[in-house]
Amino acid sequence: MATLDVRLKKVNKIYKEGDVVAGVIVVTSNGDLQHQGITLTVDGAVTLQLSAKSVGLFEAFYNSLKPIHLINYSLEISKPGKLPSGKTEIPFEVPLKPKPNKTLYETYHGVFINVQYSIKVDMKRSLLSKDLQKTIEFIVENKTTNKDEKNKSKAIPFTISPETLTNIKEKGNVPKFKIKGKLTSSVLNITEPLTGELMVESCDAQIKSIEIQLVRVETCGCAEGYAKDATEIQNIQIADGDVSRGLLIPIYMIFPRLFTCPTLSTNNFKIDFEINVVVVFRDDHLVTENFPIKLVRY
C-alpha cells in the first residue's frame, strides 16, 4: 500500500507572478517502493465554454473556445528507482513564470470562464502496480493597479423610483415609491468590502425585502461575435419587512474569494461585475437597479 501527497510551504497557497512555488512531495509506503520515475507538472489555463443559449450561434466560437495555456512545464523529480519503507519527503521549487507572450491572470472560478493553476505529481510504476497521482490547486493573485486610481473613483449616488426604472413595461402597475442612497465607490479594492447606504423616503406599498446582489458578467468570443452572460454570485438581504421610512440602512458586502477577480478584458474573454439593488414588495413584485463596478487589487 502506497500513497502520494503534495504539500506547499505556503499554507494559503497564494502566489504572484515571479514567485517560487516551493513544497514537498510526500510518499508513504508499507514496504520498499519500486517506481519508474516521478514527474511534477505545473499547469495554468483559461477554460471557456458557451452557455446553452449561445451554442450554435457562431461556428467560429468553437475555435476561440480552446483552452488558453498560460503556464505549462514538467520537471523530472526522480529517475526510476526504489524508495524506502515509511515516509519519504522530496522537496521541490518551481518558478512561477508564464509562457512567452502570456500573462498569468488571477485565479477565478466562474460559470463560463475559469482560470485555474495546478501542480500535478505522477509516479509511474510497473505494469502490475497502479500508478500514483496527486493534483492540487494553487492561487495566483497580482496587483492590477496602483492606489492613485482609487483617488479617481467617485461615489455612486442613486435614486430609485417608478420614473427611473427602464426594465418595466407597465409603470402604471408599479406602486409609488422613492428610494435614495449611494455606493461609496465605483472602483473597489477586491480585498475590501463594498459599502454604502440606502433610505426608503416613501413607498405606497408594503416592502417585503431589500437585497444587494453581486453579479458576474462573463463574455466569451472572437471577431465574429460574442456571447455575454450574467449570473448571480451572491445575494445579501439588507432589510427584512416593511422598513421604516427615512431610516438609513447600511450596505456592506465582502467579495467572495475565487468567485471574483479584478475586472479583466482580453481579446478572447472579459470578466466584469455589477451590483443590483433589489426591492421586493409584499405581493412578490420586485424592482431592480443596476450599477456596473470595477474591481481592482492594490
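Let me sum up the structure you'll find in this document. (Residues numbered from 1 in each chain as written. Predicted model: local features only at pLDDT ≥ 70, side-chain atom pairs only at ≥ 80, totals over all residues. Heavy atoms only, no water.)

Our next topic: the packing of aromatic side chains. Centre-to-centre distance and the angle between the planes together describe a pair of aromatic rings. One pass over the structure, following the stated rule, counts five aromatic pairs. Seen in terms of ring centroids, Y15 and F138 are 6.0 Å apart; in terms of plane orientation they differ by 90 degrees. Their pairing is edge-to-face. With Y15 in strand 2 (residues 14–15) and F138 in strand 11 (residues 132–140), the pair connects residues that are 123 residues apart, well separated along the chain. Of the residues examined, Y15 reaches a relative accessible area of 3% and is grouped as buried. Arranged with centres 5.9 Å apart and planes meeting at 35 degrees, the rings of Y117 and F138 form a pair that is tilted. Linking Y117 in strand 10 (residues 113–123) with F138 in strand 11, this pair joins segments that are 21 residues apart in sequence. F138 matches Y117 in its accessibility class, with the two residues each being buried. Clustering of aromatic rings is evident, with ring pairs tying together Y15, Y117 and F138. (Phe/Tyr/Trp six-rings, centres within 6.5 Å; stacked < 30°, edge-to-face > 60°. Helix = DSSP H or I, 4+ residues; strand = E, 2+ residues; numbered from the N terminus. Buried < 20%, exposed > 50% of the residue type's maximum accessible area, 1.4 Å probe, protein only.)

Before going further, it helps to examine the sheet that holds strand 13 (residues 177–183). In space, the four strands of this open sheet follow the order 12-13-15-18, with antiparallel pairing throughout. Of all strands in the sheet, those with a lone pairing partner are strand 12 (156–160) and strand 18 (248–253), marking the two edges. Between one strand axis and the next, the sheet turns by 20 degrees as a mean value, whatever way the strands run. Pairing geometry for strand 12 and strand 13, over five bridges, is antiparallel. Counterpart to I160 in the pairing with strand 13 is I179. (Pairing = 2+ DSSP bridges. Axes fitted to C-alpha atoms, helices over the stretch in contact; angles between N-to-C directions.)

Next up on the list: the side chain of N114. Along the chain, N114 turns up in strand 10. With near-sequence residues (within four places) excluded, N114 lies in contact with A45, V46, T47, Y108 and H109. (Contact = heavy atoms within 4.5 Å.)

Before going further, it helps to examine the nonpolar core. Core analysis: the biggest nonpolar cluster contains 79 residues, and I119 and I210 have the highest contact counts within it. It is strand 20 (residues 269–281) that contributes the most residues to this core, seven residues altogether. Of the residues that make up this core, three or more belong to each of domain 1 (2–141) and domain 2 (156–296). Setting aside its immediate chain neighbours within four residues, I210 contacts L198, V200, I236, Q237, I238, A239, V243, I249, V278 and V279. (Core = buried A, V, L, I, M, F, W, Y, C linked by side-chain atoms within 4.5 Å. Domains from an automatic or database assignment.)

Overall, the coordinates contain twelve salt bridges when judged by the stated rule. In this structure, R297 engages E106 in a salt bridge whose closest nitrogen and oxygen atoms are separated by 2.6 Å. With R297 in the segment after strand 21 (286–296) and E106 in the loop between strand 8 (86–95) and strand 9 (108–109), the pair connects residues that are 191 residues apart, well separated along the chain. Residue classification places R297 among the buried positions, given a relative accessible area of 10%. Measuring nitrogen to oxygen at the nearest pair gives 3.9 Å for the salt bridge that ties D122 to K120. Exposure remark for D122: the relative accessible area of 13% places this residue in the buried category. Relative accessible area serves as the criterion here: at 31%, K120 is assigned to the partly exposed category. (Salt bridge = Lys/Arg side-chain N within 4 Å of Asp/Glu carboxyl O.)

The antiparallel open sheet is built from three strands, whose spatial order is 1-3-8. Both edges of this open sheet fall to strand 1 (2–8) and strand 8, since each of them pairs with a single strand only. Taken over all neighbouring pairs, the strand axes of this sheet differ in orientation by 20 degrees on average, direction set aside. Examined bridge by bridge, strand 3 (residues 20–29) and strand 8 share ten bridges and lie antiparallel to one another. Each bridged residue has a counterpart across the sheet, and for V26 the counterpart in strand 8 is E89.

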